[in-house]
Amino acid sequence: MADQSTKPEIFQLDNGTMRVKLTNLGCTITSLSVPDKDGNLGDVVLGFDSVEPYLEGKAPYFGCIVGRVANRIKDGKFTIDGVEYSLPINQPPNCLHGGHQGFDKQVWEVSEHKKGENPSITFKYLSRDGEEGYPGDLSVSATYTLTSSTTLRLDMEAVPENKATPVNLAQHTYWNLAGHSSGQVLDHHIQIWANHYTPSDQNSIPTGEITPVKGTPFDFTNEKKIGQDIKEVGMGYDHNFVLDCGEEKEGLRHAAKVRDPSSKRVLDLWTNVPGMQFYTANYVNRVTGKGGAVYGKHSGLCLETQGFPNAINQTNFPSVLVRPGEKYLHTMLFEFSIE
């Protein structure tokens, strides 16, 4: 458990152009303000004004880091070196986002908070052996840095201390580039550098297939409106895309580009991990957020770069197993611009 003397607080990173508010409860981005076409700052993430609603469980994973394993593990079970582990079934019949008390529900330690031109904040957390059923102690850190006037970088690290464990952290911010209170994101345009996706069964567990997106509603290889084909995929998008065709820079691959025609804001996302869950807030239902804004279905979009869902049980997926002596590294670069 977190040190009980550590209280959830809200911290700020501000470089004069963009402003980010975060809390050490779940390493959560509560607010992120960037300029629109007219230079007006607007908050482009869904969330709450204070830490209390997060503590009360009112957020459907708004803005937080989820772990020890993001996304779903089938039946909440996996085996490592002949030992079976059982996790809480918090989204029957599966374990979702680390269990009942995943990393998003923990109060992390603030180990460093720098001001200045490239302000940053580092959160640390020690996940104990057996926490939510996972094996071994795991030392985790997450550093958010404003690396340029309109760029946010997130570096997540995790080191298993004494046992092999699956690790798959994801940043679960809900984005709305028109402004957090502006309604649905179906008119946003998105491009995803993925020639393949992983189809899932009725319980949102991947079947194990890696399927071409060409000719399906999952083809975002060319930019298109989010709402264009969304009616063809049930409730909306909640699928893992295989990031296999983006250009690379500085060890990161281009994952997605989102554009809002009204504000002209653009978000380019780069990462070093193989997958990305594209989620269109299908289950957000009248959540009262910042300034009394009411968030409904499709009022935001999530770009959760990740290892593939249920990868610990799917041998043909990239491994999410990390052993003592190894280090898990996951970087996300969020570049904002006007277009």
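As a reminder, the structure under discussion sits directly above these lines.
Just so it is clear, the model here is predicted, and its values are computed rather than measured.

Rules used in this analysis
- Residues numbered from 1 in each chain as written.
- Predicted model: local features only at pLDDT ≥ 70, side-chain atom pairs only at ≥ 80, totals over all residues.
- Heavy atoms only, no water.
- Helix = DSSP H or I, 4+ residues; strand = E, 2+ residues; numbered from the N terminus.
- Polar contact = N/O pair within 3.5 Å; in protein donor to acceptor, adjacent residues only side chain to side chain.
- Contact = heavy atoms within 4.5 Å.
- Disulfide = S-S within 2.5 Å.
- Buried < 20%, exposed > 50% of the residue type's maximum accessible area, 1.4 Å probe, protein only.
- Pairing = 2+ DSSP bridges.

Draft legend 1. Looking closely at the side chain of Asn-15. Tracing the chain through its elements places Asn-15 in the loop between β1 (10–14) and β2 (19–23). A polar side-chain atom of Asn-15 sits 3.0 Å from the main-chain amide nitrogen of Thr-17. Aside from chain neighbours lying at most four places away, what touches Asn-15 is Glu-117, Pro-119, Leu-146, Ser-148 and Ser-149.

Draft legend 2. Structural context of the side chain of Glu-304. With respect to the element layout, Glu-304 can be found in strand β28 (residues 301–306). There is a polar contact of 3.4 Å between the side chain of Glu-304 and the side chain of His-172.

Draft legend 3. Looking closely at the state of the cysteines. All chains considered together, the criterion is met by zero disulfides. Cys-27 takes part in no disulfide bond, and the closest cysteine sulfur, belonging to Cys-64, lies 9.3 Å away.

Draft legend 4. Just the pairing of strand β23 (residues 252–259), in detail. Burial analysis of β23 places seven of its eight residues in the buried class, which makes it a mostly covered element. By the bridge criterion, four bridges tie strand β17 (residues 189–192) to β23 in an arrangement that is antiparallel. Along β23, the bridge assignment pairs Gln-191 with Lys-257. In this sheet, β23 lies alongside strand β22 (residues 248–249) in antiparallel orientation, the contact comprising two bridges. Counted as the bridge partner of Lys-249 is Leu-252 from β23. The hairpin turn running from β22 into β23, its antiparallel successor, is two residues long, and Glu-250 in that turn takes a positive phi close to 50°. Bridge analysis of β23 against strand β24 (residues 265–271) gives six bridges, and the strand direction is antiparallel. Bridge assignment links Lys-257 to a residue of β24, and that residue is Asp-268. Between β23 and β24, which follow one another and run antiparallel, lie five residues, and Lys-264 among them has a positive phi close to 70°.

Draft legend 5. Layout of the pairing of strand β21 (residues 238–242). By the criterion of burial, β21 is predominantly enclosed, with five of the five residues buried. Where burial is concerned, the two faces of β21 agree: the one with Asp-238, Asn-240 and Val-242 and the one with His-239 and Phe-241 are both buried. Where strand β18 (residues 196–198) meets β21, three bridges bridge the pair, whose relative direction is antiparallel. Following the sheet pairing, Thr-198 is matched in β21 by Asn-240. Across five bridges, the pairing between β21 and strand β25 (residues 275–279) is antiparallel. Each bridged residue has a counterpart across the sheet, and for Val-242 the counterpart in β25 is Gly-275.

Note that all results are geometric; they support no functional claim without further evidence.
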